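Coordinates in review
Each chain, letter by letter, is given below.
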Amino acid sequence: MSHSAPTSAPTQQRVFFRPGFCWDKQNAYLFDIDGTLLRSRDRIHYNSFAESVRQVLGRELVLDGVTLSGNTDPGILYDAFRLAELDPEHWEPHLKAVFDCMCSLVAEQKSQMDLVKMPGVDEVLSFLHQRGAVLGVGTGNLEAIGWLKLEVLGIRHWFRFGGFSDHFVARKDMIAHALSLARSLAGPEASVCVIGDTPFDIAAARDNGLPTIAVATGHYSFDELMQHQPEACVSTLADLLSTPS
């Protein structure tokens, strides 16, 4: 999840492909949303955490010190409650109500969403679709919020399925679920690739035996992502199409 512009925009095209990895020949792709497909210039999703906890639990929630980028929505709440040293018995029974409230709050502000599409998104999605790939999302967003963002951005129609965080705190478990959905559509032996902007995407993919295309359009630089050894790394999605496969 991402809520602000990257600290510095890419100043030059940088591309890495591990020898033997063909980025455009996978059967299915799992796209992260925040930082990979789009950036939110509003704070609607971010503010929904505290407001939902306030409405459902009557408590104030602070996200200071909580990792947001690459985390799941449930993971953000778990981490915030843990840092506040709240006993799980006081909040775990109410999590679904908090999630439902978050989704409602975001939906109510749909017209105020200010989303920026990352470079090359339309072109890459169209290119992979034309090659017959099955396109899905693998995101830490709750399902209603994730689909809403893609709808507002005008790219919802490209995706046949989605792996979301509603029932998963750990990103690797969300990716495992998304992988099963991908292979139910593309075949049990289908090659599936994760596309994301954080080291957490790379780790979750690796935990599921999947390759990653890392994109430096979020809060992590090209060099920071390369430290985690993705199969491919690019400055922006647009760079994928400007490089011979």
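**So, the pattern of salt bridges**
Pairing between side chains becomes possible if they bear opposite charge and their charged atoms approach one another. Per the counting criterion, the structure on display carries 14 salt bridges. For D201, the salt bridge is made with R171, and the minimal N-O distance between the two is 2.9 Å. Of this pair, D201 sits in helix α8 (residues 199-207) while R171 is found in helix α7 (residues 171-186), placing the two residues 30 residues apart along the sequence. Across this residue pair, the class does not change: D201 and R171 are buried. Bridged by salt links that share partners, the residues D24, K25 and R131 form one connected network.

**Some remarks on the confidence of the model for the protein**
Put simply, the protein has an average pLDDT of 94, and 95% of its residues get 70 or more. The low-confidence segment residues 4-10, where pLDDT is below 50, has eleven contacts with residues more than four positions distant or belonging to other chains.

**Brief notes about the pairing of strand β7 (residues 192-196)**
Along β7, five of the five residues are buried, which leaves the element largely enclosed by surrounding structure. Here β7 shows a buried face lined by V192, V194 and G196 and a second buried face lined by C193 and I195. Bridge analysis of strand β2 (residues 28-31) against β7 gives four bridges, and the strand direction is parallel. Across the sheet, residue F31 finds its bridge partner in β7, namely I195. Summarising the sheet, β7 and strand β8 (residues 212-215) pair through three bridges and their orientation is parallel. Across the sheet, the residue bridging to I195 is I213, located in β8. Handedness of the β7-α8-β8 crossover: right-handed.

**Remarks on the pairing of β2**
Alternating residues of β2 divide into A28 and L30 and Y29 and F31, and every residue in both groups is buried. Both β2 and strand β5 (residues 134-138) contribute to a ladder of four bridges, which runs parallel. Directly across from Y29, in β5, lies its bridge partner L135.

**So, helix α1 (residues 44-57)**
With 14 residues, α1 extends 20 Å between its outermost C-alpha atoms, agreeing within 8% with the 20 Å of an ideal straight helix rising 1.5 Å per residue. Its maximal kink placed at A50, α1 deviates by approximately 25 degrees. Within α1 the residues assigned to the buried category are I44, H45, Y46, S48, F49, A50, S52, V53 and L57. Where the residues of α1 are buried, they touch α2 (73-83), α3 (88-91), α4 (95-108) and α6 (143-153). A positive phi of about 70 degrees marks G58, the residue just after α1.

**What to know about the nonpolar core**
F31, L77 and F159 are the most contacted members of the largest nonpolar core, which totals 56 residues. In this structure, F159 is in contact with F31, L37, L125, L135, G136, V137, W147 and L150, ignoring residues within four places of it in sequence. Ranked by size, the runner-up nonpolar core spans 15 residues in total, among them L30, V134, A204 and L210.

**Some points on the environment of R160**
Its place among the elements puts R160 in the loop between α6 and β6 (161-163). Apart from the residues lying within four places of it in its own chain, the contact partners of R160 are V134, L135 and L185.

**Concerning α4**
Taking 1.5 Å per residue, 14 residues should reach 20 Å; α4 reaches 20 Å between its end C-alpha atoms and fits that length. Taken together, the buried positions of α4 are occupied by L95, V98, F99, C101, M102, C103, L105 and V106.

**Re unusual backbone geometry**
Backbone geometry places E85, a non-glycine residue, at a positive phi of 55 degrees. Looking at where E85 falls in the secondary structure, it is placed in the loop between α2 and α3. Look at Q229: it is not a glycine, yet its phi comes out positive at around 55 degrees. By secondary structure assignment, the location of Q229 is in the loop between α9 (222-226) and β9 (232-234).

Procedures and definitions
- Residues numbered from 1 in each chain as written.
- Predicted model: local features only at pLDDT ≥ 70, side-chain atom pairs only at ≥ 80, totals over all residues.
- Heavy atoms only, no water.
- Salt bridge = Lys/Arg side-chain N within 4 Å of Asp/Glu carboxyl O.
- Helix = DSSP H or I, 4+ residues; strand = E, 2+ residues; numbered from the N terminus.
- Buried < 20%, exposed > 50% of the residue type's maximum accessible area, 1.4 Å probe, protein only.
- pLDDT = per-residue confidence, 0-100.
- Contact = heavy atoms within 4.5 Å.
- Pairing = 2+ DSSP bridges.
- Right-handed = clockwise from strand over helix to strand, strands pointing away.
- Expected span 1.5 Å × (residues − 1).
- Bend = angle between axes of the 7 residues up to and from the residue.
- Core = buried A, V, L, I, M, F, W, Y, C linked by side-chain atoms within 4.5 Å.

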